[in-house]
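One letter stands for each residue in the lines below.
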Amino acid sequence: MSIAEEIQRRRTFAIISHPDAGKTTLTEKLLLYGGAVQLAGSVTARKNQRATTSDWMELEKKRGISISSTVLQFDYDGYRINLLDTPGHKDFSEDTYRVLTAVDSVVMVIDSAKGIEPQTRKLFEVCRQRGVPIFTFMNKCDRPMKNPLELLDELERVLGIGAFPVNWPIGDGIDFQGVYDRQVKQFHLFDRTVGGKYRAPVSVGGIDDPEIRGRLNDQTFHKTVEELEMLEHAGHEWDDAAVLSEKTTPVFFGSASNNFGVQLLLDGFLKHSPAPKSRVMGGIEIAPENPAFSGFIFKIQANMDPRHRDRIAFVRVCSGKFDRDMTVHHSRSEKKVRLSSSHKLFGNERETVDEAFPGDVIGLVGHDSFGIGDTLTTDPKILYKEIPRFTPEAFSYLHNPNTGKYKQFRQGLDQLLQEGVIQALYLRNSSIKTPLLAAVGPLQFEVVQFRLESEYGAASRLEAAPWTVVRWLPPDTKEDDLDALSLPTGARLAYDVGKNPVVLFQNEWSTNYFGETNKNTPLSALPVQTVKE
Ligand SMILES: Nc1nc2c(ncn2[C@@H]2O[C@H](COP(=O)(O)OP(=O)(O)OP(=O)(O)O)[C@@H](O)[C@H]2O)c(=O)[nH]1
Ligand SMILES: [Mg+2]
């Protein structure tokens, strides 16, 4: 296969939504229908745990929510799929937003009973800004749902995107029986399977098929036919160009937990979603066909596999071909490094990979100098600046209650900081050695404490700090200038990990007051040099 063909068959996408809409459930079902697992939940069922392939962390199993994104690579129908399941909770949105830099399209999952929820809306905006095409899955049609026409209307009204229904739900709630494929004008009526572990048996037929008609009661049949006529009347056609330019989102209905509509989503998505395309960086266009290998690190994760206890840097390949053992330029250190330990990823399972192409996400092990955002390339002129930063809004001290475990505590915390699980700040002129942690949301503290304990055997104790706002000072601010600032009561000066000076404020009011009393010192919500160009 030529490189061009390899690129064309790659599909790299994320599943996004508000918490609990069913992303992880849908991920699992895509694996089932994609032939990557034989039995939904099987990877972990073997170990007698009720969990999914993509929620593999202890804490995720315990809380039933995703706290970290997961990469799953598999082959299906000639495609090489790189699927990324993301956490929905806003406290973990930094992780989700980083993933959005690494994908070419997304599947947005909506709980059909709830419609568009706040976090979905935010993620949608990010996709739109980045020019990422969006496919929509209206999930949980097996529960009392909103009127499907209303759901389409909501997409157009709330998100301002055209909605094109690819299939249509037949009945809802306990009467939900399947979907109508508007492309080929066929009913797909499914049977439920126990726990949705196996593919749902399906009968397929046209509107005149007596078997199909016999399975539907008069009310459901007539309602569906009426709605379908209305849709026909509206006269929209599938328009690939409108989807790729984010003007329209194709909408699929179904139920992930019952496996209804999953196959149609998978096939429709693969056929119409984009292969990897060029990226523009600093005015230069880097096409995937560019002979130079290039990619960037969008995520770092340690201890994925308790048997290995190492850290993986996740790289999105953007151009050229990756070969195991190749030597590349590493942007942060400006050094040449040899990439020997490379893996393809499937949840927390990994397998050595010898080559990879644009669109692929690979895991590199054993490079302590790699950080989030770093570019790896054979052409040092290529430099990606993709990774977004977030402004922390929650601050806490993290104490080590057990001095005998100082080494584990420190080592664990350093690792988690490097992963970007949380940020650390250092108070200026302070004798306190206790780390001050800064998070986008408080659940991040819980993750740090849990992982310190379970992965490093280090207990910890949180103590709330009195600030709620952090602002960066101009990076060239001198120590003397810092001394000369007039700080409102309760505010403190500190440094971030990059030694950039920041001010911590108790509240917005105090932040504004600083602005008035220090008119020549502009504040910024993010470190100045990393603000996206
Ligand atoms: N009735 C019904 N329940 C569903 C369906 N799909 C998922 N669920 C349930 O919804 C709950 C949340 O599902 P998840 O897949 O964990 O949701 P998520 O979007 O991954 O959640 P986060 O990752 O924490 O944001 C679980 O209890 C699922 O069993 C569906 O089609 N119908
Ligand atoms: Mg999840």
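These numbers come from a predicted model, not from an experiment.

Criteria and cut-off values
- Counting of residues starts from 1 at the beginning of each chain's written sequence and follows it residue by residue.
- Throughout, the order in which chains and ligands are written sets their labels, letters from A for the former and numbers from 1 for the latter.
- For a predicted model such as this one, the threshold for reporting local features is a pLDDT of at least 70, and the threshold for listing and counting side-chain atom pairs is 80 or more; totals across whole chains, interfaces and linings nevertheless cover every residue.
- Only hydrogens and water are set aside; all other atoms, that is, all heavy atoms of the structure, feed into the side-chain values.
- Where helices and strands are cited, they refer to DSSP runs of H or I of at least four residues and of E of at least two residues respectively, numbered from the N terminus.
- We compute the radius of gyration from the C-alpha atoms alone; for a globule the expected value is 2.2 Å times N to the 0.38, where N is the number of residues.
- The buried label applies to any residue whose accessible area, calculated with a 1.4 Å probe on protein chains only, is under 20% of its type's maximum; exposed applies above 50%, and partly exposed to all values in between.
- Contacts between residues were defined by any pair of non-hydrogen atoms, one from each residue, lying within 4.5 Å.
- We get accessible surface area from the Shrake-Rupley algorithm with a probe of 1.4 Å; when it comes to residues, only the shown protein chains can shield them.
- Counted as positive: Lys and Arg. Counted as negative: Asp and Glu, with His and the chain ends omitted from the count.
- Every charge is mapped to an atom, namely NZ of Lys, CZ of Arg, CG of Asp or CD of Glu.
- One heavy atom suffices: a residue is near a molecule or strand as soon as one of its heavy atoms comes within 4 Å of it.
- Any pair of N or O atoms that falls within 3.5 Å is considered a polar contact. Within protein, one atom must be able to donate a hydrogen and the other to accept it, and sequence-neighbouring residues count only if both atoms are side-chain atoms.
- Residue polarity follows a fixed list, in which Ala, Val, Leu, Ile, Met, Phe, Trp, Tyr, Cys and Pro are nonpolar, Asp, Glu, Lys and Arg are charged, and the others, Gly among them, are polar.
- For this document, the term salt bridge refers to a Lys or Arg side-chain nitrogen within 4 Å of an Asp or Glu carboxyl oxygen.
- The rule for donors is simple: N, O or S, within 2.8 Å of the metal, or within 3.2 Å if the metal is Na, K or Ca. Water isn't counted, so a site may look like it is missing partners.
- Only strands joined by at least two bridges in the DSSP assignment are considered to pair.
- Here the axes come from fitting lines to C-alpha atoms, over the contacting stretch only for helices, and the angles between their N-to-C directions go from 0 to 180 degrees.
- The labels follow the angle: roughly parallel below 35 degrees, roughly antiparallel above 145, roughly perpendicular from 65 to 115, and oblique for the rest.
- In this scheme the crossing of two helices becomes right-handed for a clockwise turn of the near helix relative to the far one and left-handed for an anticlockwise turn of less than a right angle.
- Note on aromatic contacts: the rings of Phe and Tyr and the six-membered ring of Trp form a pair at centre separations within 6.5 Å, being stacked when their planes are under 30 degrees apart, edge-to-face when over 60 apart, and tilted otherwise.
- Only lysine NZ and arginine CZ atoms are considered, and such an atom sits over a ring when it is within 6 Å of the ring centre and within 35 degrees of the ring normal.
- Think of a nonpolar core as a cluster: buried Ala, Val, Leu, Ile, Met, Phe, Trp, Tyr and Cys residues, connected wherever their side-chain atoms sit within 4.5 Å.

With that settled, the discussion passes to the overall build of the protein chain. Each helix and strand in the protein chain was counted, giving 15 helices and 30 strands. For 533 residues, the compact-globule estimate of 2.2 N^0.38 gives 24 Å, and the protein chain sits close to it at 25 Å. A buried classification covers 59% of the 533 residues belonging to the protein chain. Across the protein chain, contacts joining residues at least 24 apart in sequence account for 71% of those joining residues at least 6 apart. Put simply, the protein chain shows about 23,000 Å² of open surface, and 49% of that area lies on carbon and sulfur atoms. Separation of charge centres in the protein chain, based on 64 positive and 71 negative side chains, amounts to 6 Å.

Moving on to the site of ligand 1. Close to ligand 1 lie 17 residues, the nearest being Lys 23, Thr 25, Ser 66, Asp 142 and Ser 255. Within the side chain of Ser 66, one N or O atom sits 2.8 Å away from an oxygen atom of ligand 1. In this structure, a nitrogen atom belonging to ligand 1 sits 2.8 Å away from a side-chain N or O atom of Asp 142. Isolated, ligand 1 exposes 660 Å² of accessible area, and the fraction of that covered by the protein chains is 80%. The leading source of residues in the shell around ligand 1 is helix α2 (residues 23-33), at 3 residues. Looking at the shell around ligand 1, its residues break down into 4 nonpolar, 8 polar and 5 charged.

Along the chain, Thr 193 falls in the loop between β9 (186-190) and β10 (202-205). In this structure, the C-alpha to C-alpha distance between Thr 193 and Asn 258, residues 65 residues apart in sequence, is 7.1 Å. Among all residues touching Thr 193, those that are not within four sequence positions of it are Tyr 198, Arg 199, Ala 200, Pro 201 and Asn 259.

Here we come to the pattern of salt bridges. In total, this model carries 33 salt bridges according to the counting rule given. For Lys 321, the salt bridge goes to Asp 323, with nearest N and O atoms at 3.1 Å. A residue is classified by how much of its surface remains accessible, and Lys 321, at 26% relative accessible area, is partly exposed. Taken together, the salt bridges that share partners define one network made up of Glu 6, Arg 9, Arg 10 and Asp 360.

By definition of the ideal shapes, four donors in a tetrahedron about a metal sit 109.5 degrees apart, and six donors in an octahedron sit 90 or 180 degrees apart. For the magnesium ion (ligand 2), the protein coordination sphere consists of Thr 24 (OG1) and Ser 66 (OG), at 2.0 Å. You can see Thr 24 sitting in helix α2 and its partner Ser 66 sitting in the loop between α4 (58-63) and β2 (70-76), a full 42 residues away along the chain. This pair shows no difference in class: Thr 24 is buried, exactly as Ser 66 is.

Moving on: unusual backbone geometry. The phi torsion at Asn 259 lies on the positive side, around 70 degrees, for a residue other than glycine. By secondary structure assignment, the location of Asn 259 is in the loop between β11 (248-253) and α11 (262-272).

This part is about the sheet that holds strand β28 (residues 469-472). As summarised here, the arrangement of the 7 strands in space is β27-β24-β26-β25-β29-β30-β28, forming an open sheet in which the pairing is antiparallel. The outermost strands of the open sheet, each flanked by one partner alone, are β27 (461-464) and β28. Adjacent strand axes in the sheet meet at a mean angle of 40 degrees when their direction is disregarded. Of the strand pairs in this sheet, strand β24 (residues 394-399) and β27 are connected by 4 bridges, and their pairing is antiparallel. The residue of β27 that forms the bridge with Ser 396 is Ala 464. The strands touched by helix α12 (residues 406-419) are β24, β25 (423-427) and β26 (436-439); relative to β24, the strand with the most contacts, the crossing angle is about 155 degrees. Running over the sheet, helix α13 (residues 443-456) touches β24, β26 and β27 and is turned about 20 degrees from β24.

What follows concerns the packing of helix α5 (residues 93-101) against helix α6 (residues 118-130). Where α5 meets α6, the axes come as close as 10 Å, and the angle between the chain directions of the two elements is 30 degrees. The orientation of α5 relative to α6 falls into the category roughly parallel. Two packed elements cross with a definite hand, and for α5 against α6 that hand is right-handed. From α5, Ser 93, Thr 96, Tyr 97, Leu 100 and Thr 101 reach across to α6, where they touch Gln 119, Lys 122, Leu 123, Val 126, Cys 127 and Arg 130.

So, about α5. Counting buried residues in α5 gives 9 out of 9 residues, a clear majority hidden from the surface. Listed in full, the buried residues belonging to α5 are Ser 93, Glu 94, Asp 95, Thr 96, Tyr 97, Arg 98, Val 99, Leu 100 and Thr 101.

An order of β7-β8-β9-β10 is seen for the 4 strands of this open sheet, with the pairing classed as antiparallel. Edge positions in the open sheet fall to β7 (167-170) and β10, since each of these has one partner strand only. Between one strand axis and the next, the sheet turns by 20 degrees as a mean value, whatever way the strands run. As paired elements, strand β8 (residues 178-181) and β9 share 4 bridges and run antiparallel to each other. Each residue of the ladder has a partner; that of Gly 178, found in β9, is Leu 189. Strands β7, β8 and β9 of the sheet are contacted by helix α9 (residues 218-234), whose axis makes an angle of about 160 degrees with β7.

Here the focus is the packing of aromatic side chains. Throughout the structure, instances matching the rule amount to 13 aromatic pairs. Each ring, one from Phe 505 and one from Phe 514, has its centre 5.5 Å from the other, and the planes form 65 degrees; the classification is edge-to-face. What links up through ring pairs into an aromatic cluster is the set Phe 13, Phe 135 and Phe 269. In this structure, Lys 299 packs its charged tip against the face of Phe 314, placed 5.8 Å from the ring centre.

This part takes up the nonpolar core. Formed by 137 residues in total, the largest nonpolar core has its most connected members in Leu 26, Leu 155 and Phe 253. By size, the runner-up hydrophobic cluster in this structure holds 13 residues, among which are Leu 436, Ala 465, Trp 472 and Ala 494.

All we've got here are geometric facts, nothing functional implied.
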